[in-house]
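Descriptive structure summary
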Amino acid sequence: MRFKKIFYVGEKINKLQDLKYMNYTNTLEFAKQQDANDPLKGYREKFYFPMMHGRETVYFTGNSLGLQPKATQNYVLNELEDWATFGVEGHFHARKPWLSYHEQFAEPIAKIVGAQPEEVVVMNQLTLNLHLLLVSFYRPTKTRYKILCEAKAFPSDQYALESQVKFHGLDPENAIIEVAPRSGEVCIRHEDIITAIEKNKDSLATVLIGGVNYYNGQVFDMKGITDAGHKAGAFVGFDLAHAAGNIKLELHDWNVDFACWCSYKYLNSGPGGVSGIYINKKHLNDPSIPRFAGWWGHDKNTRFKMEKGFVPMPTAEAWQMSNAPILSMAAHKASIDIFTDAGMDALLSKTEKLTGYLEFIIDEINKSLHEKLEIITPRDKKQRGCQLSIVAHGRGKELFNKLTEAGVISDWREPNVIRCAPVPLYNSFEDVYRFGEILKSAL
Ligand SMILES: *Cc1c(COP(=O)(O)O)cnc(C)c1O
């Protein structure tokens, strides 16, 4: 009886808390209270914030380059020390031996992207990995040669697709299908992607879409797209540059064929940091799958026999080419250890509240100043991560310049889009409040 009662009270408190989060207030006290209650509040101190006018900036560009963890310098320094101490023997004797360094990432990265450990590996950079994956998963034939993507994908992805298509002797005009938003709309409707897949079901080789659109922050229904793509007989992959470490991913359960991401955006691993790839288990050990090979993809048990004839690793490691860039990997490890400690579930739950607060504050400014700041990112929490893209109608770059001068680091896209990403790992409710105040005075 007693227990029942406690559960009941507990439930009620949860409900009240839910209600409270809907009941945001635009005051410093409220923001500070939220920060005090934030289970992740301790993580902010683990990062360096760029300073301006003697105080921390409002850093809302973790979607472009995540902040540096304070621990990173030591992780990198340790490798430099081990290199000094051991020379080539560091491959075996370094504190984290270089020979197997990349193996440390399989478990924690699998958790971040919703994969099994053997389905992921960390290697190279993003665009390069996209090409390597397309070698395996874009195999056009006479009849099945089209690749479907979203219109206005990140430019590097557009160039990758265009050059892949040309490499196969095909015409991009004819072979690339771009699904665009309807006229007057900013986001792409899921049903339009599905319709385009179905319409091209006899000629579609591959679907490749960004899991989160870099410009408007829209999250695509990856499971729905994967199911439709498979029904049409195509491979389905995602570029998760803006998704990894930002949204809930279940790559394995969604049955996605392949994916890749970078580590320097939400994953805070430093400029040009290593990229990661995912390959569905069903494609591992498939001898018919073409890939570009290098020695680090060769079966590690016989790799150093240095013999002729490529024998692939039975995991996603088969796609590795070169030995691992340890200094870059060390920076990645520093950050991934923080992610493991914080846990994706806690991060995702803070994102809902924190980005919801930013949304609330933008709406408040519109009401009080009769402004037309239009949030073009979906209002539905399931269709967005932490980024909000805001169109400042009737405003120009001078607005953005004012924000910057007042200590906000956000991102401007011509003609008038401000992209803001309050990152759950290190941004606070107070950051969001301060952003609102700065934005108000800039207007
Ligand atoms: C950031 C980003 C890139 C950048 O590619 P690099 O190879 O890391 O320079 C590519 N594609 C998408 C979708 C991105 O968001």
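Residues numbered from 1 in each chain as written. Predicted model: local features only at pLDDT ≥ 70, side-chain atom pairs only at ≥ 80, totals over all residues. Heavy atoms only, no water.

Here we take up the sheet that holds strand 4 (residues 120-123). Read from one edge to the other, the open sheet built from 7 strands follows the order 4-10-9-8-7-5-6, with strand pairing classed as mixed. At either margin of the open sheet sits one strand with a lone partner, and together these are strand 4 and strand 6 (176-179). Shown here is a sheet whose adjacent strand axes are inclined to one another by a mean of 20°, direction ignored. Taken together, the 4 bridges between strand 5 (residues 146-150) and strand 6 define a ladder with parallel strand orientation. Directly across from Cys 149, in strand 6, lies its bridge partner Glu 178. Packing against the sheet, helix 10 (residues 222-231) makes contact with strand 7 (204-210) and strand 8 (235-239), and its axis sits at approximately 150° to strand 8. (Pairing = 2+ DSSP bridges. Helix = DSSP H or I, 4+ residues; strand = E, 2+ residues; numbered from the N terminus. Axes fitted to C-alpha atoms, helices over the stretch in contact; angles between N-to-C directions. Contact = heavy atoms within 4.5 Å.)

So, on to the domain arrangement of the protein chain. On domain assignment, one finds that the protein chain holds domain 1 (20-69 + 343-442) and domain 2 (96-341). Centre-to-centre separation of domain 1 and domain 2, based on C-alpha positions: 29 Å. Here domain 1 and domain 2 share an interface that buries about 2,400 Å² over both sides, 59% of which is from carbon and sulfur atoms. Between domain 1 and domain 2 we count 1 salt bridge in total. Counting every contact that joins domain 1 to domain 2 gives 11 residue pairs in polar contact (both at pLDDT 80 or more). Going through the elements one at a time, helix 13 (344-369) and strand 15 (417-420) are the ones with two or more residues in the side of domain 1 that touches domain 2. (Domains from an automatic or database assignment. Buried area = accessible area lost by both parts, 1.4 Å probe. Salt bridge = Lys/Arg side-chain N within 4 Å of Asp/Glu carboxyl O. Polar contact = N/O pair within 3.5 Å; in protein donor to acceptor, adjacent residues only side chain to side chain.)

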